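As a plain string of letters, each chain reads:
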Amino acid sequence: MREPAVDLRAAEVTWEGLSEDDLDVLADVLTDMLRPPAVVLLTGPLGSGKTTLVRKVFSAWGVGQPVKSPTFDLVHPYLLNGLRLYHVDLYRLSELEGLESLDLPAPDEEGTVVVAEWGEPLAAIYPDHWKLRLDPDPASETRRIRFSAHGPRAELQFRAGVARGLGNLAHQGGGQ
Ligand SMILES: Nc1ncnc2c1ncn2[C@@H]1O[C@H](COP(=O)(O)OP(=O)(O)OP(=O)(O)O)[C@@H](O)[C@H]1O
Ligand SMILES: [Mg+2]
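From a predicted model like this one, the values you see are computed outputs, not experimental measurements.

On to the confidence of the model for the protein chain. When pLDDT is averaged along the protein chain, the result is 91; 93% of the residues meet or exceed 70. Under a pLDDT of 50 for its full length, residues 172-176 has, in the predicted model, six contacts with residues more than four places off or in other chains.

What follows is about the pairing of strand E3 (residues 38-43). When you tally the buried positions in E3, you get five out of six residues, the bulk of the element. As defined by bridge partners, E3 adjoins strand E6 (residues 112-117) across five bridges and the pair is classed as parallel. When the bridges of E6 are listed, Ala38 appears paired with Val113. In this structure, E3 lies alongside strand E7 (residues 129-137), joined through four bridges in parallel fashion. Within E7, the residue paired with Val40 across the bridge is Trp130.

So, about the pairing of strand E5 (residues 83-89). Bridge count between strand E4 (residues 75-80) and E5: six bridges; the pairing is antiparallel. When the bridges of E5 are listed, Leu80 appears paired with Leu83. What sits between E4 and E5 in their antiparallel hairpin is a turn of two residues, with Asn81 showing a positive phi close to 40°.

Turning to the sheet that holds strand E1 (residues 5-7), a few remarks are in order. To summarise the sheet geometry, strands pair through backbone hydrogen bonds and adopt either a parallel or an antiparallel arrangement. An order of E1-E2-E8-E7-E3-E6-E5-E4 is seen for the eight strands of this open sheet, with the pairing classed as mixed. The strands lining the two open edges of the sheet, one partner per strand, are E1 and E4. Strand after strand, the sheet turns through a mean of 15° between neighbouring axes, direction not considered. Its contacts with the sheet place helix H3 (residues 152-163) against E1, E7 and strand E8 (142-150), and it is angled at close to 120° to E8.

Not every one of the 16 residues close to ligand 1 is listed here, only the nearest: Gly49, Lys50, Thr51, Thr52 and Arg143. Taken together, the residues of the shell around ligand 1 break down into three nonpolar, eight polar and five charged.

A few words on the environment of Val88. Structurally, the position occupied by Val88 is in strand E5. Taking the number of C-beta atoms within 10 Å as the measure of exposure, Val88 has 24 and is therefore buried. For the pair Val88 and Asp24, spaced 64 residues apart in the sequence, the C-alpha separation amounts to 20 Å. Aside from chain neighbours lying at most four places away, what touches Val88 is Pro70, Leu74, Val75, Val114, Val115, Ala116, Glu117 and Gly119.

With an omega dihedral of 0°, the bond running from Pro36 to Pro37 counts as a cis peptide bond. Mapped onto the secondary structure, Pro37 falls in the loop between helix H1 (23-33) and E3. Phi is positive for Ala11, close to 50°, though the residue is something other than glycine. Inspection of the secondary structure assignment puts Ala11 in the loop between E1 and strand E2 (12-18). The class of Ala11 is buried, set by 20 C-beta atoms lying within 10 Å. The phi torsion at Leu74 lies on the positive side, around 70°, for a residue other than glycine. Mapped onto the secondary structure, Leu74 falls in the loop between helix H2 (50-61) and E4.

Conventions used here
- Residues numbered from 1 in each chain as written.
- Chains lettered and ligands numbered in written order.
- Predicted model: local features only at pLDDT ≥ 70, side-chain atom pairs only at ≥ 80, totals over all residues.
- pLDDT = per-residue confidence, 0-100.
- Contact = placed C-beta atoms within 7 Å.
- Buried ≥ 20, exposed ≤ 12 C-beta atoms within 10 Å, placed from the backbone.
- Helix = DSSP H or I, 4+ residues; strand = E, 2+ residues; numbered from the N terminus.
- Pairing = 2+ DSSP bridges.
- Axes fitted to C-alpha atoms, helices over the stretch in contact; angles between N-to-C directions.
- Near = placed C-beta within 6 Å.
- Nonpolar A, V, L, I, M, F, W, Y, C, P; charged D, E, K, R; others polar.

As structure tokens, this is what we get:
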């Protein structure tokens, strides 16, 4: 796993060429960076690895039970040592009710983490959030992953995470 490119001004970090195995290290970096309450909006084409990444992130957080894609009920909550983690998938949202019908925490509700596949519409409800974009590289079967902070609290957490040595952590995880 190559060292990521960090852009402090844009509050954005980019990893190139991530294999599925590399996602374990990435999940550790993300759980270190995200301090509840936090909201992560995942985007990327069909089959780009959104659910796979949510599984790894929730498992890094300590969720022991299987994480299944919330394709039909849109929101799956997980309770964990005082934390509430929400796995959301908005792919079918337009066929159903609007966002108001979803059982989601209020913005800044303590002890909550929302991770949403096809999550862009939630930016309207949660102004302070993270974006994570996955782009498959057709030539190598790997993914480029770009993670960025939006809003004052996320940006502060981003800078603190980088100061703790995010690049080193990722580097140690898998050599070059
Ligand atoms: N970093 C990766 N490198 C290579 N393959 C990956 C990577 N991440 C996931 N995959 C593979 O990509 C496939 C699709 O993954 P996944 O179901 O997580 O995608 P998704 O983005 O959630 O799809 P959907 O858009 O249908 O919700 C799986 O076979 C998974 O093993
Ligand atoms: Mg999915």
